[in-house]
Amino acid sequence: MPNPPSPQPEAPQTQSLITYPCQFPIKVMGVRVDGLVTAITHIAHQFDPTFDAATVELRESKGGKYLGVTITITATSREQLDELYRTLSTHPMVKVVL
């Protein structure tokens, strides 16, 4: 008589270090081109309807070729942050998301 399959162990529940909702800064870097900031703020609004574009912080690279854009969104879940990072990372104007 074959042995019954052993039960699969449950995936451990990972405790989040973030308490939702919270203000969450995200730094986005891209080549300094027209439309970069507009594209990033548009994406931020898609994930956080309360996002205030007036809070955006900009920092040019030393050579002026790149622009760092810091957005602060109201994070409501890990899933929201994961999808926001994915969307920003795959945008053609964006080089890095931190």
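Colleague: Give me helix 1 (residues 36–47): which residues, what numbers.
Modeller: Since the α-helix turns once every 3.6 residues, residues separated by three or four places project in the same direction. The first and last C-alpha atoms of helix 1 sit 17 Å apart over twelve residues, in line with the 16 Å expected at 1.5 Å per residue. Those residues of helix 1 that sit buried are Leu36, Ala39, Ile40, Thr41, Ile43, Ala44 and Phe47. Buried residues in helix 1 make contact with strand 1 (22–31), strand 3 (66–75) and helix 2 (78–89).

Colleague: Got a sec to walk through the nonpolar core? Specific residues and values, please.
Modeller: By size, the foremost hydrophobic cluster in this structure holds 21 residues, and its most contacted members are Ile26, Ile71, Ile73 and Leu88. Those elements giving two or more residues to this core turn out to be strand 1, helix 1, strand 3, helix 2 and strand 4 (94–97). Aside from chain neighbours lying at most four places away, what touches leucine 88 is Ile26, Val28, Ile40, Ile43, Ile71, Val94 and Val97.

Colleague: Pulling in residues and values, what's your account of helix 2?
Modeller: Here helix 2 is twelve residues long and its end C-alpha atoms lie 16 Å apart, about the 16 Å a rise of 1.5 Å per residue gives. Buried residues of helix 2: Gln80, Leu81, Leu84 and Leu88, and no others. One face of helix 2 carries all of its buried residues, which in axial projection span an arc of 95°. In helix 2, the exposed positions angled more than 90 degrees off the buried face are occupied by Arg78 and Glu79.

Colleague: An account of the pairing of strand 3 is needed here, citing residue identities and associated values.
Modeller: When you tally the buried positions in strand 3, you get seven out of ten residues, the bulk of the element. The sheet contact formed by strand 1 and strand 3 spans ten bridges and is antiparallel. Bridged to valine 31 within strand 3 is tyrosine 66. One ladder, built from four bridges, connects strand 2 (residues 57–60) with strand 3; its direction is antiparallel. Note that in strand 3 the partner of glutamate 57 across the bridge is threonine 70. Hairpin connection, strand 2 to strand 3: the antiparallel pair is bridged by five residues, and glycine 64 has positive phi, about 85°.

Colleague: Please set out unusual backbone geometry residue by residue, giving values where relevant.
Modeller: The linkage connecting tyrosine 20 with the following residue, proline 21, adopts the cis geometry, with an omega of -10°. Tracing the chain through its elements places proline 21 in the segment before strand 1.

Colleague: An account of the sheet that holds strand 1 is needed here, citing residue identities and associated values.
Modeller: Taken in spatial order, the four strands line up as 2-3-1-4 in an open sheet, and their pairing is antiparallel. This sheet does not close on itself; its edge strands, each paired only once, are strand 2 and strand 4. Each adjacent strand pair in this sheet contributes to an overall mean axis angle of 25°, direction not counted.

Colleague: Account for the environment of leucine 36, naming residues and giving values.
Modeller: Among the secondary structure elements, leucine 36 is positioned in helix 1. Overall, leucine 36 belongs to the buried group, its relative accessible area being 0%.

Colleague: Tell me about the pattern of salt bridges, and name the residues and values.
Modeller: Under the defined criterion, the tally for this structure stands at three salt bridges. The closest approach of N and O atoms between arginine 86 and glutamate 83, which form a salt bridge, is 3.1 Å. Here arginine 86 and its partner glutamate 83 are both found in helix 2, three residues apart, which amounts to about one turn of the helix.

About the cut-offs
- Residues numbered from 1 in each chain as written.
- Predicted model: local features only at pLDDT ≥ 70, side-chain atom pairs only at ≥ 80, totals over all residues.
- Heavy atoms only, no water.
- Helix = DSSP H or I, 4+ residues; strand = E, 2+ residues; numbered from the N terminus.
- Expected span 1.5 Å × (residues − 1).
- Buried < 20%, exposed > 50% of the residue type's maximum accessible area, 1.4 Å probe, protein only.
- Contact = heavy atoms within 4.5 Å.
- Core = buried A, V, L, I, M, F, W, Y, C linked by side-chain atoms within 4.5 Å.
- Arc of directions from axis to C-beta.
- Pairing = 2+ DSSP bridges.
- Axes fitted to C-alpha atoms, helices over the stretch in contact; angles between N-to-C directions.
- Salt bridge = Lys/Arg side-chain N within 4 Å of Asp/Glu carboxyl O.

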